[in-house]
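So the chains spell out like this:
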Amino acid sequence: MITKEQVQHIANLAHIQLQEQEVERFQKDFASILEYFEILNEVDVAGIDPMTHSGTEEKKGRPAYWRGREDKPRRETEERRGKLLSLFPLVKGKFLQVPQVPWQSGKSTNNS
Amino acid sequence: MAIREIHEQLINKEVSAIELASRCLDRIEQEEIHAFLSVDRRSALAQAKAVDAAIANKENISILAGIPCSIKDAILVEGMPCTAASKTLEHYVAPYEATCVQKLRAQGAVFLGKTNMDEFGMGASTENSAFGPTRNPIDPSRVPGGSSGGSAAAVAAQESVFALGEDTGGSIRLPAAFCGIVGLKPTYGSVSRSGVISLASSLDQVGPFASSVEDVKLIFETIRGRDANDATTVEYAPAVSFKGNIKNLRVGVPQEYFAEGLDPAVEKAVRDIIGKLEKAGAKIREIRLPHTKYALAVYYIINTSEASANLARYDGMRYGLRVPAKTLEQSYLKNRGEGLGTEVKRRIMLGTYALSAGYYDAYYLKAQKVRRLLKQDFEKAFESVDVILGPTSPVVPFKLGERMTDPLAMYLVDIYTVPVNLAGLPALSVPAGSVDRLPAGQAGLPVGLHLISKPFDEQTLFETGTIIEQIR
């Protein structure tokens, strides 16, 4: 049985703030869903490799579609940059504005 | 009307693209099923006008030119809103275009708007939309299926000639079945996912909805193919196992798809089709897919695990809902707590749990191993049959609200569709008749027939689906 504290711990790991009634609801939901997952205990998987993708053919343990590519930056057009900037919730000049990063103190912020 | 017939009418000037688009837009304006989250009348009419001009200039136009379509709101159409039916993306406007949409646009298809869905594709009824549910056009007290319910409802209500959806565990096939139309989940890797809002990357695949197998085939052939922007796509090379004479068609009927939980009326509709296929000369073989009963558990572990990683990006920093907070940590917690819906939170948390220290082996790794066993079941079955046949869903369209309090009851609706995504296979849902459950004088509730084939053998699905359209 999953506890309320565990539900709260998972929510913190997932960066989701929950209301009290949500904690209760998810505690109940997770209990029944995790119990349903126990059906997998019946299956013998000795010697079976995990399947990590849906590539339908494999070569050397990788999907057949696998092909590496050089990971290099490319310059976006001004137009595209403008579109992406316009989606930022808070902008300062050409920069994205975010709340202060260190969270041990609540003293000063440049946002909110 | 079939796309081919509309195309003939366009080039013979019996109808204009403007008239076609206006007809759909007017229907959308008057409907009460809430199939669309956004409609762009001006842009649609401008696109249609360009097609009419090309026809007037006696240019050769593509078969899709001037055909009105709609796109699930998880697929980016440049310049149009793209919300994935989530409050957190309420004001997001697509800064670029999905590859599948680019391909349709290049053929001159006319984009009417974006269709409703379960938030981020999480659901089987389209009730999990932050902007309100879509209703089934056949009976508005019932759900259209999900998650691509708006796309299916738009086609069934003749608000759109065809639509694109996205299928992670049944999100195209289930709504197609519930709305009485045709829907295809293509082989994994055949349609680009570039510009598609990810739910579970090893399961997601874009596919078409239309009112006939022929139309679905046409759309699929337009959107498929390798794309440099999606490393999982391949050059589409058909692997056809059946062609032509129905006497050569070997149909596998898995015992496990007619098990406990199946509505007897749905079973009867599907068995009727099997009987007709046999009478027409097809070879019906009973087969076994012994790991089927584990598929739903495997699916929900893998789906939630991948979703928890994919949806980490919705933190309200670069886009999405930003709630004022003092620190970054508090901002994340609030943006996600307020911006995401109940089912989305439930799945992100389940996935976070399944991947967390101490539980990874028991859930995620175990699920991946059983996933391989499920795939091997299919490989073995396809040694002796060309196509596997069963019901798309164990139930008929249910009433709004009926399954919203019990997440497991909602998950069970997907029981026959999820194994296909886990194995990366293609599958088609075609109408198999109807069940009388409505007051006398009204049409019955539709039943969907589910056809599964080998990877890259969509052709066998289309051929079998066309035979079923003729004999049903």
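Residues numbered from 1 in each chain as written. Chains lettered and ligands numbered in written order. Predicted model: local features only at pLDDT ≥ 70, side-chain atom pairs only at ≥ 80, totals over all residues. Heavy atoms only, no water.

**Observations regarding the overall build of chain B**
Rule in force here: Elements are defined by DSSP. Helices are runs of H or I of four residues or more, strands are runs of E of two residues or more, and each kind is numbered from the N terminus. Think of it in three bands: with a 1.4 Å probe and only protein chains considered, a residue is buried below 20% of the maximum accessible area for its type, exposed above 50%, and partly exposed in between. What makes two residues a contact is simply this: any of their non-hydrogen atoms within 4.5 Å. Only the protein chains shown count as cover for residues, with accessible areas throughout obtained via the Shrake-Rupley method and a probe of 1.4 Å. We score Asp and Glu as negative and Lys and Arg as positive, and we do not count His or the chain ends. Taken as the charge location is NZ of Lys, CZ of Arg, CG of Asp or CD of Glu.
Secondary structure summary: chain B contains 15 helices and 11 strands in total. When the 472 residues of chain B are sorted by exposure, 66% land in the buried category. Within chain B, contacts between residues separated by at least 24 positions form 75% of all contacts whose residues are at least 6 apart in sequence. Put simply, chain B shows about 15700 Å² of open surface, and 49% of that area lies on carbon and sulfur atoms. Counting 52 positive and 54 negative side-chain charges, chain B places the averaged centre of each group 3 Å from the other.

**Re the interface of chain B and chain A**
Operational definition: What counts as buried area is the accessible surface, traced by a 1.4 Å probe, that two parts surrender upon association, with contributions from both included. When a carboxyl oxygen of Asp or Glu is within 4 Å of a side-chain nitrogen of Lys or Arg, the pair counts as a salt bridge. Polar contacts, as used here, are pairs of N or O atoms within 3.5 Å; protein pairs need one atom able to donate a hydrogen and one able to accept it. Residues neighboring in sequence count only if both atoms are side-chain atoms.
Chain B puts 76 residues into the contact, and the matching count from chain A is 61 residues. Taking both sides of the interface into account, the surface hidden between chain B and chain A amounts to around 6100 Å²; carbon and sulfur atoms contribute 66%. On the chain B side of the contact with chain A, Arg322(B), Met349(B) and Arg372(B) bury the most area, a combined 12% of that side's loss. Across the pair Glu22(A) and Lys345(B) runs a salt bridge, and its minimum N-O distance is 2.7 Å. Counting across the chain B and chain A interface gives 18 residue pairs in polar contact (both at pLDDT 80 or more).

**Some points on the pairing of strand E6 (residues 205–210) of chain B**
All names here are of chain B. Put simply, the rule is: Strands were regarded as paired on the criterion that DSSP finds at least two bridges between them.
In terms of burial, E6 is a largely internal element, 6 of the 6 residues being buried. Both strand E4 (residues 162–167) and E6 contribute to a ladder of 5 bridges, which runs antiparallel. Across the sheet, the residue bridging to Gly165 is Gly207, located in E6. Here strand E5 (residues 182–185) runs beside E6; their pairing, made up of 2 bridges, is antiparallel. Directly across from Val182, in E6, lies its bridge partner Ala210.

**Here we look at the pattern of salt bridges**
Applying the stated criterion across every chain, the model contains 28 salt bridges over all chains. Close ionic contact of Lys375(B) with Glu379(B) constitutes a salt bridge, the shortest N to O distance being 3.6 Å. With a gap of 4 residues between them, Lys375(B) and Glu379(B) both fall in helix H12 (residues 361–381), about one helical turn apart. Within this structure, Arg25(A), Asp29(A), Glu343(B), Arg346(B) and Arg347(B) form a network of salt bridges that share partners.

**Topic: the pairing of strand E7 (residues 250–254) of chain B**
Residue and element names in this part refer to chain B. In plain terms, the rule: Consider the strands pointing away from the viewer: the crossover is right-handed when the path from the first strand over the helix to the second runs clockwise.
Counting buried positions over the 5 residues of E7 gives 4, a clear majority of the element. Of the pairings in the sheet, the one linking E7 to strand E8 (residues 283–287) comprises 5 bridges and is parallel in character. Note on E8: the bridge partner recorded for Gly252 is Arg285. Following the backbone out of E7, through helix H8 (residues 264–279) and into the adjacent parallel E8, one traces a crossover that is right-handed. Of the pairings in the sheet, the one linking E7 to strand E9 (residues 387–391) comprises 2 bridges and is parallel in character. Residue pairing in the sheet places Val251 in a bridge with Val387 of E9.

**Thoughts on the confidence of the model for chain A**
Just so we agree on the cut-off: Note on scores: pLDDT gives the predictor's confidence for each residue, bounded by 0 and 100.
For chain A, the average pLDDT comes to 84, and 79% of its residues sit at 70 or higher. Low pLDDT (under 50) marks residues 106–112 of chain A, which in the prediction has 15 contacts with non-local residues, meaning those over four places away or in another chain.

**Looking at unusual backbone geometry**
Residues and elements named next belong to chain B. That bond from Gly146 to Ser147 is cis: its omega, 10°, falls within 30 degrees of zero. With respect to the helices and strands, the residue Ser147 is situated in the loop between strand E3 (110–115) and helix H5 (149–156). In this structure, Lys58 is a non-glycine residue whose phi angle is positive, near 60°. Inspection of the secondary structure assignment puts Lys58 in the loop between helix H3 (41–56) and strand E2 (68–72). Unlike most non-glycine residues, Phe120 shows phi in positive territory, near 55°.

**Section: the nonpolar core**
Definition in use: Nonpolar cores were defined as sets of buried Ala, Val, Leu, Ile, Met, Phe, Trp, Tyr and Cys residues, with membership established by side-chain atoms within 4.5 Å.
Counting residues in hydrophobic clusters, the biggest one holds 100 residues, and the most contacted among them are Leu104(B), Phe162(B), Ile388(B) and Leu428(B). One finds Val45(A), Ala307(B), Leu311(B) and Leu340(B) within the second-largest nonpolar core, a separate group that totals 64 residues.

**Some remarks on the environment of Glu42(A)**
Take Glu42(A): it is sitting in the loop between helix H2 (20–37) and strand E1 (58–59). At 2.7 Å, the side chain of Glu42(A) and the side chain of Tyr294(B) are in polar contact.

**As for helix H1 (residues 3–11) of chain B**
All names here are of chain B. For the record, the criterion: Arc definition: directions from the helix axis to the C-beta atoms.
If you check which residues of H1 are buried, you get Ile3, Ile6, His7 and Leu10. Projected down its long axis, H1 carries its buried residues within an arc of 100°, all on one side. Next to the buried residues of H1 lie helix H2 (17–30), H3, E4 and helix H7 (213–223). Just downstream of H1 lies Lys13, where phi reads positive at about 60°.

**Structural notes on the packing of aromatic side chains**
When we look at a pair of aromatic rings, we describe it by the centre distance and by the angle of the planes. Here is the rule we go by: For Phe, Tyr and Trp, where Trp contributes only its six-membered ring, two rings pair if their centres lie within 6.5 Å, and the inter-plane angle classes them as stacked under 30 degrees, edge-to-face over 60, or tilted in between. Lysine NZ or arginine CZ positioned within 6 Å of the ring centre and within 35 degrees of the ring normal marks a charge as sitting over the ring.
Under the criterion given, the structure shown has 16 aromatic pairs over all chains. One aromatic cluster in this structure is built from Phe37(A), Tyr353(B), Tyr359(B) and Tyr363(B). Positioned over the ring face of Phe258(B) is Arg271(B), at 4.1 Å from the centre of the ring. Against the face of Phe398(B) rests Arg403(B), its NZ or CZ located 4.9 Å from the ring centre.

**Digging into the sheet that holds E7(B)**
Residue and element names in this part refer to chain B. Quick reminder of the rule: In this analysis an axis means a line fitted to C-alpha atoms, helices contributing only their contacting stretch, and an angle means the value between N-to-C directions, from 0 to 180 degrees.
Pairing in this open sheet of 11 strands is mixed, and the strands run E1-E3-E2-E4-E6-E5-E10-E11-E9-E7-E8 from one edge to the other. Lying at the two open borders of the sheet, with one neighbouring strand each, are strand E1 (36–39) and E8. Ignoring which end each strand starts from, the neighbouring axes of this sheet average 30° apart. As defined by bridge partners, E1 adjoins E3 across 3 bridges and the pair is classed as antiparallel. What sits directly across from Val39, in E3, is Gly113. Each of E1, E2 and E3 touches H2; the most contacted strand, E3, lies at about 20° to it. With respect to the sheet, helix H15 (residues 458–471) is in contact with E5, E9, strand E10 (427–435) and strand E11 (445–452), its orientation differing from that of E10 by roughly 15°.

**Concerning the packing of H7(B) against H15(B)**
Between two packed helices, what matters for the description is the angle formed by their axes and the separation of those axes. Residue and element names in this part refer to chain B. For clarity, the cut-off: Comment on the angle field: the value is read as roughly parallel under 35 degrees, roughly antiparallel over 145, roughly perpendicular from 65 to 115, and oblique elsewhere. Working rule for handedness: look at the near helix, and if it is turned counterclockwise from the far one by less than a right angle, call the crossing left-handed; if clockwise, right-handed. Lys, Arg, Asp and Glu make up the charged group, whereas Ala, Val, Leu, Ile, Met, Phe, Trp, Tyr, Cys and Pro make up the nonpolar group; the residues left over, Gly among them, are polar.
Packing of H7 against H15 brings their axes to within 9 Å, and their N-to-C directions diverge by 160°. As judged from the angle between their axes, H7 and H15 are roughly antiparallel. In the packing of H7 onto H15, the handedness of the crossing is left-handed. Contacts from Val213, Val216, Lys217 and Phe220 of H7 reach H15 at Glu458, Gln459, Phe462, Gly465, Thr466 and Glu469. The class makeup of the residues in the contact of H7 with H15 is 4 nonpolar, 3 polar and 3 charged.

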